[in-house]
Amino acid sequence: MAQLPASQVSRLKLKWAFGFPGVNRAFAQPTVVGGRVFVGSASNTVYSLNASSGCQYWSFRADGPVRTAITIGPGSAQGKWIAYFGDQGATVYAVDALTGELVWKRKVETFLGATMTGAPTLAEGTLYAVTSSGEEVIGANPKYECCKFRGSVTALNAATGEVKWRSFTIPEEPKPVRMNAQGVQLYGPSGAGVWSSPAVDLKRG
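Owing to the predicted nature of the structure, the values given are computational and were not obtained by experimental measurement.

Novice: Is there a simple way to explain the side chain of Gln-185 in this structure?
Specialist: Looking at the secondary structure, you find Gln-185 in strand E15 (residues 185-188). Within polar-contact distance, the side chain of Gln-185 engages the backbone oxygen of Arg-178 at 3.2 Å. Among residues more than four places away in sequence, those in contact with Gln-185 are Glu-145, Cys-146, Pro-176, Val-177, Arg-178 and Met-179.

Here it is in structure tokens:
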């Protein structure tokens, strides 16, 4: 977009910097739309910044850390733009991109440890949100009844947050399979979390 040749990269200089309050790492990929930078953080906060100066327009407090990139799309009213994202508690949000006011939010997965890392994908009025899980880490504990989580894609009405449908990457529900050496019940099949944004093929449906 900047149309910079490789020879100019070494001459780039810092224009501005923004520090995320209360955290020690950057957490999400920024989205740049309409002269603004939209970015989530590990402190549960999403920021809208001026892309030229770094000055803050607004901040929005989610229920959990926001690791997904922000997806921007048109709202239902003329001149309205909506920022869509998910938090690490598997809740999807629609926020007014100009003001930071909440439009709707929807929890798409109640499994303990479920999370969202892939940005929601917006296509023709439908928002596709994906879930993954921390069971890959939790499952290393031999006293944990591993594993029951299944990755999923949820289609939401972008205007209202109403769930249209939900599809699991593993259709079969987990069932008891065997006991481990600690005498803990194990389950399967499970896993196949979706960690990145889904692609939508509108031509093929």
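Novice: Which parts of the structure should I look at to understand unusual backbone geometry?
Specialist: Trans peptide bonds make up the majority, and among non-glycine residues the majority have a negative phi. In this structure, the amide linkage connecting Cys-146 to the following residue, Cys-147, adopts the cis form with an omega of -5 degrees. Topologically, Cys-147 is positioned in the loop between helix H2 (135-138) and strand E12 (152-157). Cis geometry marks the peptide bond from Gly-188 to Pro-189; its omega dihedral reads -5 degrees. Among the secondary structure elements, Pro-189 is positioned in the segment after E15. Within the chain, Ala-90 stands out as a residue other than glycine whose phi angle is a positive 65 degrees.

Novice: Would you explain the nonpolar core in this entry?
Specialist: Note that soluble globular proteins tend to have their nonpolar side chains buried in a common cluster. Grouped together as the largest cluster of nonpolar side chains are 14 residues, with contacts concentrated most on Tyr-84, Val-92, Trp-104, Met-116, Leu-127 and Leu-156. Contributing elements (two or more residues each) for this core: strand E6 (81-86), strand E7 (91-96) and strand E11 (126-133). Aside from chain neighbours lying at most four places away, what touches Met-116 is Arg-67, Thr-68, Gly-86, Asp-87, Gln-88, Ala-90, Thr-91, Val-92, Val-108, Ala-129 and Val-130.

Novice: For this particular structure, what's the right way to read the pattern of salt bridges?
Specialist: As a working rule, side chains carrying opposite charge can pair if their charged atoms are close by. If you walk through the whole model with that rule in mind, you get 6 salt bridges. A salt bridge links Lys-80 to Asp-96; the shortest N-O distance between them is 2.6 Å. With a gap of 16 residues between them, Lys-80 in the loop between strand E5 (71-74) and E6 and Asp-96 in strand E7 connect regions that are remote in the sequence. For Asp-96, a relative accessible area of 5% corresponds to the buried category.

Novice: Looking at this structure, how should I read the sheet that holds strand E8 (residues 102-107)?
Specialist: Strand-to-strand pairing in sheets goes through backbone hydrogen bonds, with the strands running parallel or antiparallel. With antiparallel pairing, the 4 strands of this open sheet are ordered in space as E5-E6-E7-E8. Each edge of the open sheet is held by one strand with a lone partner, namely E5 and E8. Sheet twist, expressed as the mean angle between neighbouring strand axes with direction ignored, is 20 degrees. In this structure, E6 lies alongside E7, joined through 5 bridges in antiparallel fashion. Counterpart to Ile-82 in the pairing with E7 is Asp-96.

Quick notes on the rules
By convention here, each chain's residues receive numbers from 1 onward along its written sequence. Residues qualify for local features only when their pLDDT is at least 70, as the model is predicted, and side-chain atom pairs are given and counted only at 80 or more; totals for whole chains, interfaces and linings, by contrast, use all residues. Derived side-chain values reflect all non-hydrogen atoms in the structure, with water molecules and hydrogen atoms excluded from consideration. Numbering of helices and strands runs from the N terminus, with a helix taken as a DSSP run of H or I at least four residues long and a strand as a DSSP run of E at least two residues long. Here a polar contact is taken to be a pair of N or O atoms separated by no more than 3.5 Å, where protein atoms must pair a possible hydrogen donor with a possible acceptor and residues adjacent in sequence count only if both atoms sit in side chains. When checking whether two residues touch, look at their non-hydrogen atoms; a contact exists if any pair is within 4.5 Å. Residues belong to a common nonpolar core when they are buried Ala, Val, Leu, Ile, Met, Phe, Trp, Tyr or Cys residues joined through side-chain atoms within 4.5 Å. Exposed residues in this analysis have more than 50% of their type's maximum accessible area, buried residues have under 20%, and partly exposed residues fall in between, with area computed by a 1.4 Å probe over protein chains only. Should a side-chain nitrogen of Lys or Arg be within 4 Å of a carboxyl oxygen of Asp or Glu, the pair is scored as a salt bridge. In this scheme, strands are said to pair when DSSP sees at least two bridges between them. A fitted line through C-alpha atoms represents every axis, and for helices the fit uses only the stretch in contact; the resulting angles, taken between N-to-C directions, go from 0 to 180 degrees.

In short, geometric facts, not functional conclusions.
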